[in-house]
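Residue strings, one per chain:
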Amino acid sequence: MDTNSCTKPLNVNFSVPARVDPESKPEKTLVKVGEAEFGGNEVVIIAGPCAVENSEQLHETAMAAKKGGAKVLRGGAFKPRTSPYKFQGLGVDGLKMLREISIETGLPIVTEVMDTRQVDLVAGYADMLQVGSRNMHNYALLKEVGMVRKPVLLKRGMMATIEEFLLAAEYILNQGNTDVVLCERGIRTFETSTRNTLDLSAVPMLKHLSNLPVIVDPSHGTGVRWMVPSMAKAAIAAGADGLIMEIHYKPDVALCDGQQSLYPADFYCLMKDLKKIAGAIGRTLILPSGK
Ligand code: PEP
Ligand code: MN
């Protein structure tokens, strides 16, 4: 018997099938989105507004994302809002604006798809499809994005166990789409001081159990702007392959999640710190200035 059991997956009581099991498929999955590659040595940062609001907001915020060193731009056109009376996103107009800003900045786009009927539509504009926390258990949607040849960013359900999260990923993989990036975005606990409890222990566990890239969302994970830099740094230190963060050129007037969105200046500062942390653990984070 191999005594070095700490290097083996902890499959005790887990029914996670072979496809994401690093024992049966030891090589890491690399997921390319435009020029960015998740799962390699480089730490990849996704940044952008929670929602696309208008062309000025998207333009200014995208420029800040690029200037800071983000390699992928985020922005919701279809927003899953808890209240039906709140801003729901610009829909197709938002998708068109995302495509235009992608051409202008050269940054690939990740945006959420919420409905099986809109997968082809969103895939026509986006470089990466996001399945949000609320839809992680939407098996019809998981199968549908599994049939599309676009990478998928799968966010952990707010009440999902690691096993349920990995099995949700399997729904996508089983359709033939192997370009899946997992995202820890916080879970619901008894704690109320933060929006969610960011489960950073999910990072080493997911990497231990699967060969998919794992990124962290410290914005939804905390819901509090001032906590985002700390948790972003901790996520990289814990071995995350990247981050997805909300930034906004004017967070105080954002239509969605302004309270957790970084100001551009905070983002620039954080990126420099993240580069140092990545370097300290033998990884790279390439900033535009090369600094
Ligand atoms: C988002 O990233 O836009 C979002 C709604 O996040 P989550 O699905 O994690 O709540
Ligand atoms: Mn948001």
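Residues numbered from 1 in each chain as written. Chains lettered and ligands numbered in written order. Predicted model: local features only at pLDDT ≥ 70, side-chain atom pairs only at ≥ 80, totals over all residues. Heavy atoms only, no water.

## Side note on the overall build of the chain
Phase 1 of the analysis: Across its full length, the chain carries 9 helices and 10 strands.
Phase 2 of the analysis: By principal-axis analysis of the C-alpha atoms, the chain measures approximately 60 × 45 × 40 Å.
Phase 3 of the analysis: Across the 291 residues that make up the chain, the buried fraction comes to 54%.
Phase 4 of the analysis: A separation of at least 24 residues holds for 69% of the contacts in the chain among residues at least 6 apart in sequence. (Helix = DSSP H or I, 4+ residues; strand = E, 2+ residues; numbered from the N terminus. Buried < 20%, exposed > 50% of the residue type's maximum accessible area, 1.4 Å probe, protein only. Contact = heavy atoms within 4.5 Å.)

## Observations concerning the side chain of R156
Phase 1 of the analysis: Checked against the element boundaries, R156 lands in the loop between β7 (152–155) and α5 (162–173).
Phase 2 of the analysis: On the accessibility criterion, R156 (4% relative accessible area) is buried.
Phase 3 of the analysis: Filtering out sequence-adjacent residues up to four positions away, R156 remains in contact with S133, M136, T161, I162, F165, C183, E184, R185, I187, D199 and A202.

## Quick look at the sheet that holds strand β5 (residues 109–112)
Phase 1 of the analysis: Strand order around the closed barrel formed by 8 strands is β3-β4-β5-β6-β7-β8-β9-β10, with parallel pairing between neighbours. Going from strand to strand, the sheet's axes swing by 25 degrees on average, the running direction of each strand aside.
Phase 2 of the analysis: Sheet topology places strand β8 (residues 180–184) next to strand β9 (residues 214–216); 3 bridges connect them, and they run parallel. Paired with L182 across the two strands is V214, which belongs to β9.
Phase 3 of the analysis: Of the strands in this sheet, β4 (72–74) and β5 are in contact with helix α2 (residues 92–105), which crosses β5 at around 165 degrees. (Pairing = 2+ DSSP bridges. Axes fitted to C-alpha atoms, helices over the stretch in contact; angles between N-to-C directions.)

## Considerations on the packing of aromatic side chains
Phase 1 of the analysis: Using the criterion set out here, one finds 2 aromatic pairs in the structure.
Phase 2 of the analysis: Note on F267 and Y268: the rings are 6.4 Å apart at their centroids and 55 degrees apart in plane angle, and the pair reads as tilted. (Phe/Tyr/Trp six-rings, centres within 6.5 Å; stacked < 30°, edge-to-face > 60°.)

## Side note on the site of ligand 1
Phase 1 of the analysis: By nearness alone, every residue bordering ligand 1 is listed as R74, K79, P80, E112, Q130, G132, S133, R134, K155, R185 and H220.
Phase 2 of the analysis: Within the side chain of R74, one N or O atom sits 2.8 Å away from an oxygen atom of ligand 1.
Phase 3 of the analysis: In the model, an oxygen atom of ligand 1 is placed 2.9 Å from a nitrogen or oxygen of the R134 side chain.
Phase 4 of the analysis: Coverage of ligand 1 by the protein chains reaches 97% of its 300 Å² of free accessible surface.
Phase 5 of the analysis: A per-class count over the shell around ligand 1 returns 1 nonpolar, 4 polar and 6 charged. (Near = heavy atom within 4 Å. Polar contact = N/O pair within 3.5 Å; in protein donor to acceptor, adjacent residues only side chain to side chain. Areas by Shrake-Rupley, 256 points an atom, 1.4 Å probe, with all protein chains shown as cover. Nonpolar A, V, L, I, M, F, W, Y, C, P; charged D, E, K, R; others polar.)

## Let's talk about the pairing of strand β10 (residues 242–246)
Phase 1 of the analysis: With 5 of its 5 residues buried, β10 lies for the most part within the structure.
Phase 2 of the analysis: Burial along β10 is two-sided: the residues G242, I244 and E246 and L243 and M245 are all buried.
Phase 3 of the analysis: Where strand β3 (residues 44–48) lies against β10, 5 bridges are found, and the strand directions are parallel. Considered in β10, the bridge of G48 is made with E246.
Phase 4 of the analysis: In the sheet, β9 pairs with β10 via 2 bridges, with the strands oriented parallel. Bridge pairing in β10 links I215 to G242.

## Observations concerning the coordination of the manganese ion (ligand 2)
Phase 1 of the analysis: In the first shell of the manganese ion (ligand 2), the protein supplies C50 (SG), H220 (NE2), E246 (OE) and D257 (OD), at 2.0 to 2.4 Å from the metal.
Phase 2 of the analysis: Counting residues between consecutive donors of the manganese ion (ligand 2) along the chain gives the motif C-x169-H-x25-E-x10-D. Taken as a pair, H220 in helix α7 (residues 218–222) and E246 in strand β10 lie far apart in primary sequence, 26 residues in all. Assigned by exposure class, H220 and E246 land together as buried. (Donors = N, O, S within 2.8 Å, 3.2 Å for Na, K, Ca; no water.)

## Things to note about the pattern of salt bridges
Phase 1 of the analysis: In total, this model carries 12 salt bridges according to the counting rule given.
Phase 2 of the analysis: Here E246 ties to R74 by a salt bridge, and the two come within 3.5 Å at their closest N and O atoms. With a gap of 172 residues between them, E246 in strand β10 and R74 in strand β4 connect regions that are remote in the sequence. Taken as a pair, E246 and R74 share a single burial class, namely buried.
Phase 3 of the analysis: A single salt-bridge network, built from bridges that share partners, covers R156, E184 and D199. (Salt bridge = Lys/Arg side-chain N within 4 Å of Asp/Glu carboxyl O.)

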